[in-house]
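# A look at the structure
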Amino acid sequence: MKTIEFALSRWESIFKMTIDHFEIVSTAMVISIMMGVAIGILITYNKTAAKVMLNIANIMMTIPSLALFSLLIPVLGIGRAPAIAGLVLYTQLPIIRNVYTGILNIDPAIIEAARGMGLTKSKIMFRIKLPLAFPVIMAGVRTATVMGIGLGAIAAYIGAGGLGEYIFQGINRSNDKMIIIGAIMVSVITVIIDRGLGFIQRKFEI
């Protein structure tokens, strides 16, 4: 009850930090999805490029998130820019891998039939491959998004704001209420966005 009373007494600042967190993560994920899907499509045409890009994406995920954010500070400064860039880099692997895997696992007979109908490579990609690979691609997007929301809290260390700032303030002040509220709000955002993406996945699934 005390935690609820504490949250209600500070709802304005909590709401603002929640919106800030959502803005940071959503901006990063829009960029990440666009990049990841584009790269995933392109590497399906070249196995060597696929190995290189997947290895690079793997390496990016092995770098501790705080270290990655810190490495971007000399280039992008402190604030949202390095946070967004870091989240984009950190969330590429699930998207690229799932786009690549989803497209390659399509039954070759379907592709041959499409070629036999005279469809061009681009039409086969956008009319056949991507719709069939959509469930796998969306699974990667959902995984990346959940990762991004959690990592967004760490970005507060480099002045990005968001709910991570509230959590770290709680740690510095030994205020368990602030930590609990910040963690709960991050979880709420995660559940809402994941449910939303799940709805989209079911809605457009073939």
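Residues numbered from 1 in each chain as written. Predicted model: local features only at pLDDT ≥ 70, side-chain atom pairs only at ≥ 80, totals over all residues. Heavy atoms only, no water.

### With respect to the overall build of the protein chain
Secondary structure summary: the protein chain contains 10 helices and 0 strands in total. In terms of overall dimensions, the protein chain has a C-alpha envelope of 65 × 40 × 20 Å along the principal axes. Among the 206 residues that make up the protein chain, the fraction classed as buried is 42%. As presented, the protein chain carries roughly 11,200 Å² of accessible surface, and 67% of it is formed by carbon and sulfur atoms. Within the protein chain, one finds 18 positive and 10 negative side-chain charges whose respective centroids are separated by 9 Å. (Helix = DSSP H or I, 4+ residues; strand = E, 2+ residues; numbered from the N terminus. Buried < 20%, exposed > 50% of the residue type's maximum accessible area, 1.4 Å probe, protein only. Areas by Shrake-Rupley, 256 points an atom, 1.4 Å probe, with all protein chains shown as cover. Lys, Arg positive; Asp, Glu negative; His and termini not counted. Charge placed at Lys NZ, Arg CZ, Asp CG, Glu CD.)

### Re the nonpolar core
If you look at the biggest cluster of nonpolar residues, it comprises 43 residues, and the most contacted ones within it are Leu87 and Ile103. If you list the elements that add at least two residues to this core, you get α2 (11–42), α4 (65–76), α5 (80–90), α6 (92–104), α7 (108–116), α8 (121–154), α9 (163–172) and α10 (176–204). Top element by residues in this core is α8. It accounts for 11 residues. Discounting chain neighbours no more than four positions away, the residues touching Leu87 are Ile24, Val25, Ala28, Phe69, Gly148, Leu151 and Gly152. Grouped together as the second largest cluster of nonpolar side chains are 8 residues, Ile39, Ala50, Leu93 and Ile96 included. (Core = buried A, V, L, I, M, F, W, Y, C linked by side-chain atoms within 4.5 Å. Contact = heavy atoms within 4.5 Å.)

### Topic: α5
Three or more residues of α5 are buried, namely Pro82, Ala83, Ile84, Gly86, Leu87, Val88 and Tyr90. Where the residues of α5 are buried, they touch α2, α3 (47–62), α4, α6 and α8.

### Description of the side chain of His21
Along the chain, the position of His21 falls in helix α2. Accessibility expressed as a relative area gives 2% for His21, which makes it buried. A distance of 3.3 Å separates the side chain of His21 from the backbone nitrogen of Leu163, its partner in a polar contact. With residues near it in sequence (within four places) discarded, His21 still touches Ile149, Gly152, Ala153, Gly162, Leu163, Gly164, Val186 and Ile189. (Polar contact = N/O pair within 3.5 Å; in protein donor to acceptor, adjacent residues only side chain to side chain.)

### Quick notes on the packing of α7 against α8
Relative orientation of the contacting elements α7 and α8 amounts to 160 degrees, with a least axis distance of 11 Å. On the basis of their axis angle, the class for α7 and α8 is roughly antiparallel. The handedness of the crossing between α7 and α8 is right-handed. From α7, Ile110, Ile111, Ala114 and Arg115 reach across to α8, where they touch Ile124, Ile128, Lys129 and Leu132. (Axes fitted to C-alpha atoms, helices over the stretch in contact; angles between N-to-C directions. Parallel < 35°, antiparallel > 145°, perpendicular 65-115°, else oblique. Left-handed = near helix turned anticlockwise from the far one by under 90°.)

### Digging into the confidence of the model for the protein chain
Here the protein chain averages 86 in pLDDT, while 98% of its residues score no lower than 70. Of all helices and strands in the protein chain, the one with the weakest mean pLDDT is helix α1 (residues 2–9) (71), whereas α6 scores best (93). (pLDDT = per-residue confidence, 0-100.)

### Notes on α10
For α10, with 29 residues, the first-to-last C-alpha span of 42 Å sits near the 42 Å given by 1.5 Å per residue. Along α10, the residues classified as buried are Met178, Ile181, Gly182, Val186, Ile189, Thr190, Leu197, Gly198 and Gln201. The N-terminus of α10 is capped by Asn175, whose side-chain oxygen sits 3.0 Å from the backbone nitrogen of Lys177. (Expected span 1.5 Å × (residues − 1).)

### Remarks on the side chain of Thr190
Position of Thr190 among the secondary structure elements: in helix α10. Within the local environment of Thr190, its side chain forms a polar contact with the backbone oxygen of Val186, the two atoms lying 2.8 Å apart. Apart from the residues lying within four places of it in its own chain, the contact partners of Thr190 are Val146 and Ile149.

### So, the pattern of salt bridges
Tallied over the full model, the rule gives 5 salt bridges. Lys16 is paired through a salt bridge with Asp20; the nearest N and O atoms lie 3.1 Å apart. Taken together, the residues Lys16 and Asp20, both in helix α2 and 4 residues apart, mark about one turn of the helix. For Lys16, a relative accessible area of 53% corresponds to the exposed category. You can call Asp20 buried: its relative accessible area is 15%. Sharing partners across several salt bridges, the network here consists of Lys16, Asp20, Glu23 and Arg80. (Salt bridge = Lys/Arg side-chain N within 4 Å of Asp/Glu carboxyl O.)

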